[in-house]
Amino acid sequence: MTEHAVVISGAGPTGLTLAGELALAGIDVAIVERRPDQALFGTRAGGLSARTLEVFDQRGIVDRFLAAGQIAQVTGFAVTRLDISDIPTRHNYGLALRQKHIERILAGWVGELSVPIYRGRDVTSFAEDETGVTVELSDGGSLRARYLVGCDGGRSLIRKTAGIAFDGWDATTGNILGEVEMAEEPPLGVHRTALGIYAFGREEYEIRDGKVIFASEGPIGVMVPDKNPGATAEPTLDDLKQALIVAFGTDYGIHGLKWISRFTDMSRQAAAYRKGRMFLAGDAAHVHSPVGGQGLNTGVQDAVNLGWKLARVLKGCSPDALLDTYHAERHPVGARVLRTTMAQVALQRADDRTEALRDIMIELLGMDEPRKHIAAEMSGLAIHYDLGEGHPLLGRRMPDLDLTTSDGPTRVFTLLHNARPVLLVLDGSGSFDITPWSDDIMLVHARYDGLWELPALGPVSAPSAVLIRPDGYVAWVGDGTKDGLEDAMKTWFGPPG
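Just so it is clear, the structure is predicted and the values come from calculations on it, not from any experiment. (Residues numbered from 1 in each chain as written. Predicted model: local features only at pLDDT ≥ 70, side-chain atom pairs only at ≥ 80, totals over all residues. Heavy atoms only, no water.)

Peer 1: How should a nonpolar patch on the surface be read in this particular structure?
Peer 2: On the surface, Ile360, Leu364 and Met367 cluster together to form a nonpolar patch covering roughly 260 Å² of accessible area. Tracing the chain through its elements places Met367 in the loop between helix H9 (352-365) and helix H10 (368-378). Taking the relative accessible area as the measure of exposure, Met367 reaches 40% and is therefore partly exposed. (Patch = residues over 30% accessible without salt bridge, like charges linked within 9 Å, V, L, I, M, F, W, Y side chains within 5 Å. Areas by Shrake-Rupley, 256 points an atom, 1.4 Å probe, with all protein chains shown as cover. Salt bridge = Lys/Arg side-chain N within 4 Å of Asp/Glu carboxyl O. Helix = DSSP H or I, 4+ residues; strand = E, 2+ residues; numbered from the N terminus. Buried < 20%, exposed > 50% of the residue type's maximum accessible area, 1.4 Å probe, protein only.)

Next comes the structure, spelled out in structure tokens:
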């Protein structure tokens, strides 16, 4: 039986990100993945939000994604595109990049970190005891781990085996997706009709002046409404044909089906993100309609929240109670994503009353304050963990400031590349003595002369010091004193030494 500190079920974006976070912290982590390689067929997620780009920037790998994708204003709410170019972040945009490329880049990163991936195998069962978890695999092998994390999708075997409720709302609407050949060129792009939303596109495209320009050759990706969103059987080429004929009077000579799938607006969330030595992240913890593009991004941010906490407990630096903050912080975020996604699905309906509501929403989102508020939420920049009363920065992501230090210029996110906590002192004071934590927390004295501004909130008062967690969120804010700093360090990073 092979032993690891952590076993992750699933090598999608969430599982890969979590593995990278743990490996950076020096934790022995392994992934079990059913696919024989990282190849991914079909259309999945199509981009990264501003906060996810920040997360990857914190680890020094964002340029890999930027080089492969296309920067665009892809943030939106239902049918309304939201300009985020004036939101205070270095990444005030979305990145159009298909999931297969996101996974390829993440797999390359975890490969550099020497994370083993047990490919072509499934987790079939597991058993927890006082010291760890025994994980049984489909090839007859076994793994032993201190903790098991289910990043194994909406049908998560880990969640089901653990007996965690997955309550929510059944599907009310759905779509069929496929990639086909067509004898005639269809009208490329998205089409809202009284029957629902139809779309045609190609794998290769460019974004020019905010518009998607598809390649002139190649298979056609098709999306049509699903007249039976509760269906469990696989959709067929004939389903696509009939839907096209009803809407357009022709099926455009559709043939040569390459793959086909369906998605719905079913919305469910795990009642608990932790049960003993088992955790859930990504789609295993929350599923919803893909409208708004929040699924993959929420899963990546689950992983970044959980990774450093698991690492600290495994190293004996922090008590087990730190792991309970994963559910406390991420479950409300997931619940909010479900609500905003259901609202967007409702706004896509085609009846006259919804049309009237949609017109009013478009009008409201054309105003600066509502636009900034919703855009910050949809791009992941408005996440606020409840860490108590205090400065507006407390519990929010730390801005990526351009700092001046005695060693020269640097950025806040550069300080986070190794996933270590940082105490950033900005008032020129040399009185911060954190010697008992000096092997753990990086102490940085710097100067910043610019404006402190937060997405949706606007300008805030400049702090004298901030304690930044490895996930980039602010755990303590100084206002000229050190009051509360020692308690914050103990809470998040354990007792000194």
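Peer 1: Sorry, what's going on with the sheet that holds strand E18 (residues 220-225) here?
Peer 2: The strands that make up a sheet pair up through hydrogen bonds in the backbone, lying either parallel or antiparallel. Spatial strand order, E14-E15-E18-E13-E19: five strands in an open sheet with antiparallel pairing. Unpaired on one side and paired on the other, strand E14 (189-193) and strand E19 (254-264) mark the two borders of the sheet. With strand direction ignored, the average angle separating the axes of adjacent strands in the sheet is 15 degrees. In terms of strand pairing, strand E13 (residues 174-182) meets E19 through eight bridges, oriented antiparallel. By the bridge assignment, Glu181 is partnered in E19 with His255. Strand contacts of helix H6 (residues 237-248): E13, strand E15 (196-201), E18 and E19, with the helix running at about 85 degrees to E19, the strand carrying the most contacts. (Pairing = 2+ DSSP bridges. Axes fitted to C-alpha atoms, helices over the stretch in contact; angles between N-to-C directions. Contact = heavy atoms within 4.5 Å.)

Peer 1: Honestly, the packing of aromatic side chains in this entry has me stumped. Any pointers?
Peer 2: In this description, a pair of aromatic rings is defined by centroid distance and the angle of the planes. For the structure shown, the criterion picks out 14 aromatic pairs. Taking 6.3 Å as the distance between ring centres and 50 degrees as the angle between the ring planes, the aromatic pair formed by Trp308 and Trp492 counts as tilted. Of this pair, Trp308 sits in helix H7 (residues 295-314) while Trp492 sits in helix H12 (residues 485-493), placing them 184 residues apart in sequence. Residues Trp308 and Phe493 carry aromatic rings whose centres are separated by 6.0 Å and whose planes lie at 50 degrees to one another, so their mutual orientation is tilted. (Phe/Tyr/Trp six-rings, centres within 6.5 Å; stacked < 30°, edge-to-face > 60°.)

Peer 1: Whenever I open this one, the pattern of salt bridges confuses me. Can you help?
Peer 2: Opposite charge on two side chains permits pairing when their charged atoms draw close. Applying the stated criterion to the full structure yields 33 salt bridges. A salt bridge links Glu206 to Arg208, with the nearest nitrogen and oxygen atoms 3.1 Å apart. Under the relative-accessibility criterion, Glu206 is labelled partly exposed at 42%. Classification of Arg208 by relative accessible area gives partly exposed; the value is 45%. Two residues, Arg371 and Asp368, come together in a salt bridge whose shortest N-O distance is 3.1 Å. Residue Arg371 and its partner Asp368 are both found in helix H10; the two are separated by three residues, about one turn of the helix. The class for Arg371 is buried, based on a relative accessible area of 10%. Of the residues examined, Asp368 reaches a relative accessible area of 45% and is grouped as partly exposed.

Peer 1: Is there a simple way to explain the pairing of strand E31 (residues 474-478) in this structure?
Peer 2: Where a strand is regular, its side chains alternate between the two sheet faces. Most of E31 is tucked away, with five of its five residues classed as buried. Pairing of strand E30 (residues 465-468) with E31, which is carried by four bridges, proceeds in the antiparallel orientation. Residue pairing across strands places Val466 opposite Val477, the latter belonging to E31. Linking two consecutive strands that pair antiparallel, namely E30 and E31, is a turn of five residues; a positive phi of about 90 degrees is found at Gly472 within it.

Peer 1: Which parts of the structure should I look at to understand the environment of His331?
Peer 2: Among the structural elements, His331 can be located in helix H8 (residues 324-347). Between the C-alpha atoms of His331 and Gln269, which are 62 residues apart in sequence, the distance is 8.4 Å. Setting aside anything within four residues of it in sequence, one finds His331 in contact with Gln269, Ala270, Ala271, Tyr273 and Tyr326.

Peer 1: Could you clarify how one ought to interpret the side chain of Ser142 in this entry?
Peer 2: Here Ser142 shows up in strand E11 (residues 142-150). Of note is the side chain of Ser142, whose polar atom sits 2.6 Å from the side chain of Glu136. Not counting residues within four places of it along the chain, the set of residues in contact with Ser142 comprises Met1, Thr2, Val135 and Glu136. (Polar contact = N/O pair within 3.5 Å; in protein donor to acceptor, adjacent residues only side chain to side chain.)

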